[in-house]
Structure formats: structure tokens, C-alpha cells
Amino acid sequence: MNKKIALALIAIGIVINIVGGTLNTALKLPLFLDSIGTMLAAVILGPWLGALTGILSNVFQGIAADPITIPFAIVNGVIGLVVGFIARKRGFQDYVSPLLVGIILAFLAPILGTPIAVYLFGGVTGGGVDILYTVLLNSSHEIFASAFLARIPANLFDKLISAYLVMFIIRRLPSNLKGIAGKETNLVV
Amino acid sequence: MFKSVLHKIKTGPRAVSVLFVLISLMAYHSWKPLLAYLLTFLAFAVIFHVLGQLVSRLLPILYLGCVIVLIHSLVNPSNVHYIYIFGIEGFNYGLITALRLFNIAALTQLFLLLNPLHEIISAMSWIHPDLGIILALVLSTLPVMHQQMEITLKVQTARGLRRGRFPWQRLYAYLVILIPIIVKALVRGQVIAQLLHVRGYGLHLAKRNLELGHSDKIAIFLSLGFLIVNLLLANASLLGGL
């Protein structure tokens, strides 16, 4: 895949992340849905360009609107890496790869995001997750563990939905645009 | 005087100076210096006539800060002494966290208000030309995609799409609106790639020269010195507290 298509797809991935996050907020969904573009770029372009898409999404959002999102760029970058490596190994057209991605990221994203959230926000998000966080903190008396556990359910649903959405999109793309996701796996479900 | 000094410093060195000041903020674990910094940033906002804009951007952080203080006052594990149901140790922890967050938000928003977006992107394109073109493409594509989102929302609503009370109904609405946007974005991406090729992007890359003026160097050294002094002061107060 040539460089110019890669540059354009990275930019499009960033835009999809931003629009997806905006739409999620507008519809008041209890999820994030702001890494669909990262996953799409990772699946088509590979893990490293996917990670770059994720990092630049947060950097751009930080520059344009809310600089507090910049530290979370590392989480978005790791999402790109995980999705890209799984797509490179297995392709991304079956039903198992998105499931693997969802389960891995449901734990990995909070592991990376919780220290940042605890340091910057005391573990608080300003959303519905705070209720769960408060209950867990009251019972466990551990700030990090409570913040981590409170984030797992939302991350699990969020990453599974995003991964399956990307899988369905990839299946319908023309073969010249599938990139590394065009690999057929042995187990096609 | 401040404005004339600021105009002599380029965006890149300003960003580096802001980064050093941000790191020095993180060294403090007491509310008094954090409050002093916040008041200093607000004073700078008054000097540069951006106080109103800064305050409006900080309002969501104010809400979040109140939630942080409230939750930690109620359930922070280090709560030992209480006033009614509010723990003093948790209140202190929440206050320090909220003030630190405020300071980070105030400083970064001040930087964004005093530096136009195109200058920031030009500074980033110095890091790598491809980085600048990616960010420029995002800037040009984003308003189009936002408009596309609004049109798709109206069209789907006219076709009978309802958001509903339950999360799964809203999730269905989300997917129905987002999927056409993604498809259009990918088509647009192909067009952008063709345009880049037609315009000969990447054939001739100009050599990048880093030219720092005296003001730029002074700004960077002063901010580095500020960081070192703050780290020493923060350590001294921590050891004094022990």
C-alpha cells in the first residue's frame, strides 16, 4: 500500500475517531466508541501506523479542544498495536479476531489508562462509571483497584462493538483497500 | 511588555517551555503552591485579554473537580478524621488532585488560546513533514465529516430512526449513523490520496533547519531553570513535611 494512501487513511482514521466520540457523546451512550478509526487504520495499514493513528487522534483532539486527552494517547496507541498484530497474524475477516481484540483490550486499556486517570482525575470520569467506582472504593479501600475494575465493563463492550464493526466494514471493502486484513484465516466462521 | 516578549518566541520553543512548566507542576503535593500557580495563570489570562475564553473552557473541569473532591471526601481510604460525613484526608487528596487538574488545563488552554492552530501545526510539521500533512488533512476533512454526520442524523430521523430510552436503542442509532460516515470517509481518503499523488507530494522534501533565536533559547533555558527550582523546592517541602 503506497505512502499517500497510508497518509490519507491515517487522517481518515483520526477523523473517524473524533466523529465517533462526538456522536457517542451526543447520543449519551455509556461507552467511548472513539477508537474505531484506530482499529480500522491498524487493520488496513498494520500495527505501527495504527498506533500512530491512535496517538495522533489524542494529540489532535488535545490541540484542537481538550489537552487533557493527550496523556491517554498511549492507550489509543496500544489499541492500534494490538489490533494490528492480531490482524497481521490472523486477518480480520473472521468472527474470532474481533473477539480476541475485545477481550485483550478490555483488560489492557484499563491497565494503561487507570494510572493516568488516577493521577490526573483521582480515578473519577465525571460519568456513570463514577457510581461503580465509588461503590468499589467504599468496599475495597483501594483507589487503583477500584478505578481499574470500574473501567473493565465499559471497555469490554466498547472494544467488542468497535472490533466487530471494523470487521464488518473490512469484509465489504474492495480487496485493494483491505491491506493486511485481506489475509484469509484457516478458520473462517 | 509581556505581549512583545511573547511575540519574539516561536511556537515550538513556547511549547517546550509549557512542557517544562507542566512537569514542574506535577512535583507539588500540596494545595498552596498549586493554588498560587492557578492564580498566576489566571493573571496571565487577564494580561493577554483571554480570561473570558479561558474561564469558559475551564467550566467542564470545574464540574469534574467538584466531583473529584466530593467522591474522595466521602470514600477515600485514607479518611480518618471527619466533619459530618466528609473525611478531611480525602478532601485534601481530592482538592490537590482537582487543583493539579485545573492547573494543567489552565496552562494548556492558555497555550492554545495564545497560539493559533495553524502555527501549532506548522511547528509540528517541523518534526516530520508527513505529520504536518496528516494534521492538515484532518483539519480539512473534519468539518466535512461533522456536516455529513448531521445530515445523516437528519435523514435517518426522517426515515423513522428513534434514539429511544434504552442504551441498545441508542447504540443501534449510533451504528446506523456512523456506518455511512465511515464509508464516505474511506472513499474520501482514496480521493485525497489521488490528489496528493497528482500534486506530487513527497517528490521533493525541503531540508529542515532548526533556527532558534535568542528569545527562543532564553525562553527554553528559563523554563528549564524554573523546572529545576520547582523540583528542588517541592523536594525540600516534602522532606520538611516529613
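In this report, we go over the structure that sits alongside the text. (Residues numbered from 1 in each chain as written. Chains lettered and ligands numbered in written order. Predicted model: local features only at pLDDT ≥ 70, side-chain atom pairs only at ≥ 80, totals over all residues. Heavy atoms only, no water.)

Some words on the packing of aromatic side chains
At step 1: Taken as a whole and judged by the stated rule, the model has nine aromatic pairs over all chains.
At step 2: Taking 5.9 Å as the distance between ring centres and 90 degrees as the angle between the ring planes, the aromatic pair formed by A:W48 and A:F85 counts as edge-to-face. Within this pair, whereas A:W48 is found in helix α3 (residues 47–64), its partner A:F85 is found in helix α4 (residues 73–90), the two being separated by 37 residues in sequence.
At step 3: A relative accessible area of 57% places A:W48 in the exposed class.
At step 4: Residues B:F166 and B:W168 carry aromatic rings whose centres are separated by 4.9 Å and whose planes lie at 0 degrees to one another, so their mutual orientation is stacked.
At step 5: B:F166 gets classed as partly exposed once you look at its relative accessible area, which sits at 34%.
At step 6: Across the ring face of A:Y119, the terminal group of B:R100 is positioned such that the distance to the ring centre comes to 4.4 Å. (Phe/Tyr/Trp six-rings, centres within 6.5 Å; stacked < 30°, edge-to-face > 60°. Helix = DSSP H or I, 4+ residues; strand = E, 2+ residues; numbered from the N terminus. Buried < 20%, exposed > 50% of the residue type's maximum accessible area, 1.4 Å probe, protein only. Lys NZ or Arg CZ within 6 Å of the ring centre and 35° of its normal.)

Quick notes on the side chain of B:T97
At step 1: Summarising the element assignment, B:T97 is placed in helix α5 (residues 88–114).
At step 2: B:T97 gets classed as buried once you look at its relative accessible area, which sits at 2%.
At step 3: Residue contacts for B:T97: discarding those within four places in its chain leaves A:Y119, A:L120, A:F121, A:G122 and B:I68. (Contact = heavy atoms within 4.5 Å.)

Quick notes on the side chain of A:N58
At step 1: Tracing the sequence through the fold places A:N58 in helix α3.
At step 2: The residues touching A:N58, leaving out its near neighbours within four places in the chain, are A:T69, A:I70, A:F72, A:A73 and A:N76.

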